[in-house]
There are 2 protein chains.
Amino acid sequence: MSTPPRVTIKDVAARAGVSKGAVSLAFNRKPGLSDATRDRIFAAARELGWTPNLTARSLSSRRVDVVGLAICRPARLLGLEPFYMEFVSGVESVLTERSCSLLLRLVRNLDEELAVQDAWWRGRQVSGSILVDFRADDPRAASAQRLGMPVVAVGHPSLTGGLTSVWTDDATAVSEAVRYLAALGHRRIARVGGAALLGHTAIRTAAVDEAARRLGLAGVRQVTTDFSGEDGARATRSLLSAPDGDRPTAILYDNDIMAVAGLSVAAEMGVRVPADVSLLAWDDSQLCRLTRPTLSAMSHDVHGFGAEVARTLFGVIAGEASSHPVATPVLVPRGSTAPAT
Amino acid sequence: MSTPPRVTIKDVAARAGVSKGAVSLAFNRKPGLSDATRDRIFAAARELGWTPNLTARSLSSRRVDVVGLAICRPARLLGLEPFYMEFVSGVESVLTERSCSLLLRLVRNLDEELAVQDAWWRGRQVSGSILVDFRADDPRAASAQRLGMPVVAVGHPSLTGGLTSVWTDDATAVSEAVRYLAALGHRRIARVGGAALLGHTAIRTAAVDEAARRLGLAGVRQVTTDFSGEDGARATRSLLSAPDGDRPTAILYDNDIMAVAGLSVAAEMGVRVPADVSLLAWDDSQLCRLTRPTLSAMSHDVHGFGAEVARTLFGVIAGEASSHPVATPVLVPRGSTAPAT
């Protein structure tokens, strides 16, 4: 589903059954095309994952020193989740090298984000944007293509509608985590997942189910949360309150703040980690190395991920980027996981 | 040192020995004044803490939907410190209400920040900026006044050169912390402080020394760090490696990530918390409630602090803000502090 770099305006024209000139008219918002033709061209571009190269002329009249990022999370949650801080700091590390600033906006929903991106682009406030937190049937790809706005999508190509995308292979990583816990002898495995609406949560959920099926694990439970430590604590309390034969012996978390909270709940309930329950975090910020026991984690370089996303956006603006994954999270075993007893 | 709201353009004119019109010319960067007169006017405005109200006319030609924030920290550190993400999330909570975005830039030094703020303002990219991390003899107040740029300074008025300021009363809070630890019977108290260059670090250092003098505590040690968990761990390891009679029985940290790291170092060294050493954090993000034992902390609402700073900036832009502190951090005792044995 990634964007093959070889797709050209010619391919789009052929698929839409029009001339290259018509594709150009559509993307430059010039008159002379029927709505139906215009829509057909945008659909073809979207299907092929093609975005117009900006010409030198249009670039010269645009800011090239500001990059946009809208995040659809409650402000209070944003401050608590290490992931976004690390991601933004990685983005900033590349922007700083190029004397660029980040235009950051918290939005309440996707409609608001669509309006914000539209206003940023038409108002020449940004030279391009980073799109995050894709959902099923996300409207942002079509919107960016209609605007001819350079964007990079942070998410699996199955979610990002043909946009140039950078992603982590969550399905492979989460399967690896389940296989590892099963290899330690755990049969009742639980996952405290992220927000149900998000595409990458659904990808992980499906991959855990699939891994459990292959491994013949009947007792896998998955719950969703809002990513906060409090919600992670609540979910852990509920899981560890199950009767003895039902209680999970291993819990996998979708971020690290929830795993830290889980560790604290286990201590509060007198459940020993890792003797009674193994805990496995995700993301692996420095938090995981500061707890007692230290937290085993699916570790990836979130700072480097943000930096790669920013570099890719500059590539899109220059007309030379293609979709690619970053390194798959790897399991780093520490003190919170052990064989099932 | 705060800006009395009653200072007017007339006072500035009187102090500079010029007409109100001359002050207006200077701040609107209009021709007709000698450099000496212009400098005298800026100096007078600075001494009185006066910033021009933007007229409706000048406002109408400026963006009023973008607020600037430049932070002088290495990108990687920014992602690790809960304070700034909480602060930014508080700023965003107010910006979102007003459909505004935050222009965020990491800079390497103050010269770079001066250039960035200048470019943002002259390029009409922001309607005002939030200035943070003030140092002694900080050049940013004079620069903002010269530009006539609406800014709010996050820092004690003794550091912010007459700018409209919002601050926490760190001296009072840190004295309170030392008094509390002394009341628990601790005589050898250490503080793992933040970056030595920052004004608020110096304020806390002086206040701890003063409190120690008043309380007759001879064994107070203070060290500075870069605010990272790693540096906090290193400092704690060094403090706890002192011979028995020299080892601190209580350690106060300038943020919470270092206190979490300190807790982990104590466990690693077999030093019991709080039986052998009491630990007291600062800022009090949710981390402090997720550790075992939970961390006692000087607690303040960092999210609310960011929100108040953003509200004050809108006040400055509207010409009606004055300097004020936010609530002083209060001591929240939890499991990591106890009487000295």
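All values derive from a computational prediction rather than experimental measurement.

A. How the structure looks around the interface of chain B and chain A. Counting residues at the interface gives 46 residues for chain B and 45 residues for chain A. Our enumeration of links across chain B and chain A arrives at zero salt bridges. In this structure, the connection of chain B to chain A is made through 16 residue pairs in polar contact (both at pLDDT 80 or more). Mapped by element, the contributors of at least two residues to the side of chain B that touches chain A are α5 (75-78), α6 (82-97), β2 (101-106), α7 (110-122), α11 (229-240) and α12 (256-268) of chain B. Per element, the largest residue contribution to the side of chain B that touches chain A is eight residues, and it comes from α6(B). Partitioned by chemical class, the residues of the side of chain B that touches chain A number 19 nonpolar, 13 polar and 14 charged. Here three bridges tie strand β2 (residues 101-106) of chain A to β2(B), and the two strands are oriented antiparallel to one another. Directly across from L103(A), in β2(B), lies its bridge partner L103(B).

B. Seen up close, the sheet that holds strand β10 (residues 296-299) of chain A. All names here are of chain A. Strand order across the open sheet formed by six strands is β7-β6-β8-β9-β10-β12, with mixed pairing between neighbours. Here the strands that pair on one side only, and so sit at the sheet edges, are β7 (221-224) and β12 (330-332). Across the sheet, the axes of successive neighbouring strands diverge by a mean angle of 20 degrees, strand direction being ignored. Pairing analysis gives four bridges linking strand β9 (residues 278-283) to β10, with the strands arranged parallel.

C. Quick peek at the pairing of strand β9 (residues 278-283) of chain B. All names here are of chain B. Burial analysis of β9 places six of its six residues in the buried class, the great majority of the element. One ladder, built from three bridges, connects strand β8 (residues 250-253) with β9; its direction is parallel. Opposite I251, over in β9, you have L279 as the bridge partner. The β-α-β motif built from β8, the intervening α12 and the parallel element β9 has right-handed crossover chirality.

D. Up close: the domain arrangement of chain A. Parsing chain A into structural domains produces domain 1 (1-50) and domain 2 (170-299). If you average the C-alpha positions of domain 1 of chain A and of domain 2 of chain A, the two centres end up 45 Å apart.

E. Quick look at helix α2 (residues 20-27) of chain B. Residue and element names in this part refer to chain B. Among all positions of α2, only A22, V23, A26 and F27 are buried. On an axial view of α2, the arc spanned by its buried residues comes to 130 degrees, and they lie on one face. Buried residues belonging to α2 abut α1 (9-16), α3 (35-48) and α8 (140-147).

F. Structural context of the packing of helix α3 (residues 35-48) of chain A against helix α8 (residues 140-147) of chain A. All names here are of chain A. Two numbers describe how α3 lies on α8: the axes approach to 10 Å, and their chain directions differ by 120 degrees. In terms of axis orientation, α3 runs oblique to α8. Crossing of α3 against α8: the hand is right-handed. Contact residues: F42, A45 and R46 in α3; A142, Q145 and R146 in α8. Partitioning the contact of α3 with α8 into residue classes produces three nonpolar, one polar and two charged.

G. View of the nonpolar core. Residues F87(A), I130(A), F87(B) and I130(B) are the most contacted members of the largest nonpolar core, which totals 58 residues. When sequence neighbours within four positions are dropped, the list of residues in contact with F87(B) reads I130(B), V132(B), V154(B), V302(B), F305(B), G306(B) and V309(B). Within the second largest apolar cluster, 52 residues are counted, among which are A233(A), L263(A), V265(A) and V271(B).

Calculation criteria
Residues numbered from 1 in each chain as written. Chains lettered and ligands numbered in written order. Predicted model: local features only at pLDDT ≥ 70, side-chain atom pairs only at ≥ 80, totals over all residues. Heavy atoms only, no water. Contact = heavy atoms within 4.5 Å. Salt bridge = Lys/Arg side-chain N within 4 Å of Asp/Glu carboxyl O. Polar contact = N/O pair within 3.5 Å; in protein donor to acceptor, adjacent residues only side chain to side chain. Helix = DSSP H or I, 4+ residues; strand = E, 2+ residues; numbered from the N terminus. Nonpolar A, V, L, I, M, F, W, Y, C, P; charged D, E, K, R; others polar. Pairing = 2+ DSSP bridges. Axes fitted to C-alpha atoms, helices over the stretch in contact; angles between N-to-C directions. Buried < 20%, exposed > 50% of the residue type's maximum accessible area, 1.4 Å probe, protein only. Right-handed = clockwise from strand over helix to strand, strands pointing away. Domains from an automatic or database assignment. Arc of directions from axis to C-beta. Parallel < 35°, antiparallel > 145°, perpendicular 65-115°, else oblique. Left-handed = near helix turned anticlockwise from the far one by under 90°. Core = buried A, V, L, I, M, F, W, Y, C linked by side-chain atoms within 4.5 Å.

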